[in-house]
Amino acid sequence: MKLAIASVAALSLAGGVTAFFPNTEQKPLTASSQSTLSPSIAQISEHLHSLGGDFTGEAITAWNKIAELYPEDTISAVQAMLGMGKPKAGVTRKPDSDWDFIVQGDEVVSALGSNIEGHEKLKGTKLRIKKPGNLGVDVGVKQYSGYLDVDNDEKHFFFWFFESRNDPKNDPIVLWLNGGPGCSSLTGLFMELGPASINAKIHTVDNPYSWNSNASVIFLDQPVNVGYSYSDGQVSSTQAAGKDVYAFLTMFFKQFPEYSAQDFHIAGESYAGHYIPQFATEILSHEKRNINLKSVLIGNGLTDGKTQYDYYRPMACGEGGYKSVLSKEACQSMDDAYPRCAAMIDNCYKSGSPWSCVPASIYCNNAMFRAYQSTGLNVYDIRSKCEDTNNLCYSELGWISSYLNKNDVMSALGAEVSSYESCNTDINRNFLLNGDWMKPFHTFIPDLLEKIPVLIYAGDADFICNWLGNHAWTEALEWHGKKQFNNEPLGPFMVGAQEMGQTKSFGNFTFARVYEAGHMMPYNQPEASLDLLNRWLSGGFWTSA
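None of these values were measured; they are calculated from a predicted model.

*Asks:* How should I be thinking about the packing of helix H11 (residues 328-351) against helix H12 (residues 354-373) in this particular structure?
*Replies:* Each pair of packed helices can be described by the angle between their axes along with the distance between the axes. Orientation of H11 relative to H12, taken along the N-to-C sense of each, is 165°, at an axis distance of 9 Å. For the element pair H11 / H12, the angle class is roughly antiparallel. Considering how the two elements wind past one another, H11 and H12 form a crossing that is left-handed. Facing Ala 330, Met 334, Ala 337, Tyr 338, Arg 340, Cys 341, Met 344, Ile 345, Asn 347, Cys 348 and Ser 351 of H11, the residues of H12 in contact are Ser 356, Cys 357, Pro 359, Ala 360, Tyr 363, Cys 364, Ala 367, Met 368 and Ala 371. For the contact of H11 with H12, the residue count by class is 16 nonpolar, three polar and one charged.

Here it is, written out as structure tokens:
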């Protein structure tokens, strides 16, 4: 999750979150320029009203405050809200003869009948599948790639599936999601937990700690216009994305029924702290389904903004296990800013309206990130400088993009877009300007805990979705096991004879801190990452509440 604030603006990564506001030629707003602000707001009020919520007195106060403090960001946001996003250019649809399997959603509805709920999500869908070969990625392991076409070909989601290297007939299935919002899950595949990485020579390198060592893994590019996925329109909310993911999984397990009876888990990082609670809730809302969801795993996630934003100052100022990187004055400034930030997030939580949620994002991101970013440190890893600013501090991202833009790779996978990019800043902006960023997704967790186990894990060197904030929100969460969970001490997380972190569990809820790892924990600690996954999938952390 990255908030590179150069005018509150940023790019995001493998799980990143950013606020992207393009430069504007319009005169910046000032505290006294209400007459300038009002016409802009009047222009878009009808659009925002259609998204839900009202332009309340509290929202007016919030907009006036950010206009005073951050005028350029405010007017950029107002202008951008007029027209959010654009379709992906350069798409070439492949003929049906290019695919090894094609599954029609209407046929699935007819075949499954009353055995599956949510039929309306499957009508007009199509699943097109290839068997990619000759890429040198996990040679000998069965794999599939392709597209789910949704809403009568308006949306096209790309996926890449790898069977377990161990026992695919019995091992569980894991869906992996990177965040952003707007970042490709193929980053997770080639940089973190997939069967191969890409080196500086743009060659594949086998990963012995791949998560498909003992589980089959699906990497899904979502929402649309992320990675190889594409659409004529846009998705700008986690709720809408959840319905698309339900359709994808239903279609996938219908085409491959040999996997549908196996345990299924959803894992992801960063903005997946939004995605996963919503997606799991969507799946479990359908009692009749062919998705055997057993648990969810969220790594370095953004889930409860109000609680988590309170821990940027402690993490940057020496209380997260690493030395302070800010001056006493900068630390005090962050402390002074948090009460207003919390009040704005509160208003967002209560109303759910973009009118309240967008100013909360603008104010809090500026107030809580600017000082850290001025240090030049990597927001994903407090231990190091950001050396490769063109690739969000990681040269590997550039190598991955070069590989996934090779013609032979795109042809083998069935990619229909003209180019691949790791993160789509339009999508990122769309979600933020729809108010999605600051909405409370921790509120889904108590109901999930009644049905399935939930793991919240965090690499402890990450700044942007730091372990302090993630630990704090798990203890602040209101659920039936709160008292017992909070009374559990953090105990050692051992990998062999070495202590690699700390964990605590009660009932279906587990928190894990992993030492010496940044935002992308599997990247820094691949062996510990795989051990944590395998123990989780086997029920090693679950207890009876």
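*Asks:* What is the right way to look at the environment of Leu 297 in this model?
*Replies:* Assignment of secondary structure puts Leu 297 in strand S11 (residues 293-299). Distance in space between the C-alpha atoms of Leu 297 and Ile 276 is 8.1 Å, their sequence separation being 21 residues.

*Asks:* Before we go on, may I ask you to explain helix H4 (residues 105-112) in this structure?
*Replies:* Think of an α-helix as 3.6 residues a turn; residues three or four steps apart then line up on the same face. Buried within H4 are the following residues: Gly 105, Val 108, Val 109 and Leu 112. Burial along H4 is one-sided: seen end-on, the buried residues are contained in an arc of 100°. Set apart from the buried face of H4 by more than 90 degrees, the exposed residues are Glu 107, Ser 110 and Ala 111. Positioned one or two residues after H4, Gly 113 has a phi angle of 55°, which is positive.

*Asks:* Mind showing me how you'd approach the packing of helix H5 (residues 186-193) against helix H13 (residues 395-404) here?
*Replies:* In the contact formed by H5 and H13, the axes pass within 10 Å of each other and the chain directions differ by 125°. Viewed along their axes, H5 and H13 adopt a mutual orientation that is oblique. Classified by chirality, the crossing of H13 by H5 is right-handed. Between H5 and H13, the residues in contact are Leu 186, Thr 187, Phe 190 and Met 191 and Glu 396, Leu 397, Ile 400, Tyr 403 and Leu 404, respectively. Along the lines of polarity and charge, the residues of the contact of H5 with H13 split into seven nonpolar, one polar and one charged.

*Asks:* Just checking my understanding: could you explain the state of the cysteines for this structure?
*Replies:* Scanning the model with the defined rule gives five disulfides in all. Paired through a disulfide, Cys 183 and Cys 423 show a sulfur-sulfur distance of 2.1 Å. The disulfide joining Cys 183 to Cys 423 has a torsion of about 105° about its S-S bond and is therefore right-handed. Here Cys 423 lies in the loop between helix H14 (407-413) and helix H15 (425-433) and Cys 183 lies in the loop between strand S5 (173-177) and H5, a separation of 240 residues in the sequence.

*Asks:* Could you clarify how one ought to interpret the pairing of S5 in this entry?
*Replies:* Two faces belong to every sheet, and in a regular strand the side chains alternate between them. Of all five residues making up S5, five are buried, and the element is well covered by its neighbours. On S5, burial covers both faces: Ile 173, Leu 175 and Leu 177 on one face and Val 174 and Trp 176 on the other are all buried. One ladder, built from four bridges, connects S5 with strand S8 (residues 216-221); its direction is parallel. Residue pairing for S8: Trp 176 is matched across the bridge by Phe 219. Bridge count for S5 against strand S10 (residues 264-269) is five bridges, and the pairing is parallel. Bridging from a neighbouring strand, Leu 175 pairs with Ile 266 of S10.

Parameters at a glance
- Residues numbered from 1 in each chain as written.
- Predicted model: local features only at pLDDT ≥ 70, side-chain atom pairs only at ≥ 80, totals over all residues.
- Heavy atoms only, no water.
- Axes fitted to C-alpha atoms, helices over the stretch in contact; angles between N-to-C directions.
- Helix = DSSP H or I, 4+ residues; strand = E, 2+ residues; numbered from the N terminus.
- Parallel < 35°, antiparallel > 145°, perpendicular 65-115°, else oblique.
- Left-handed = near helix turned anticlockwise from the far one by under 90°.
- Contact = heavy atoms within 4.5 Å.
- Nonpolar A, V, L, I, M, F, W, Y, C, P; charged D, E, K, R; others polar.
- Buried < 20%, exposed > 50% of the residue type's maximum accessible area, 1.4 Å probe, protein only.
- Arc of directions from axis to C-beta.
- Disulfide = S-S within 2.5 Å.
- Pairing = 2+ DSSP bridges.

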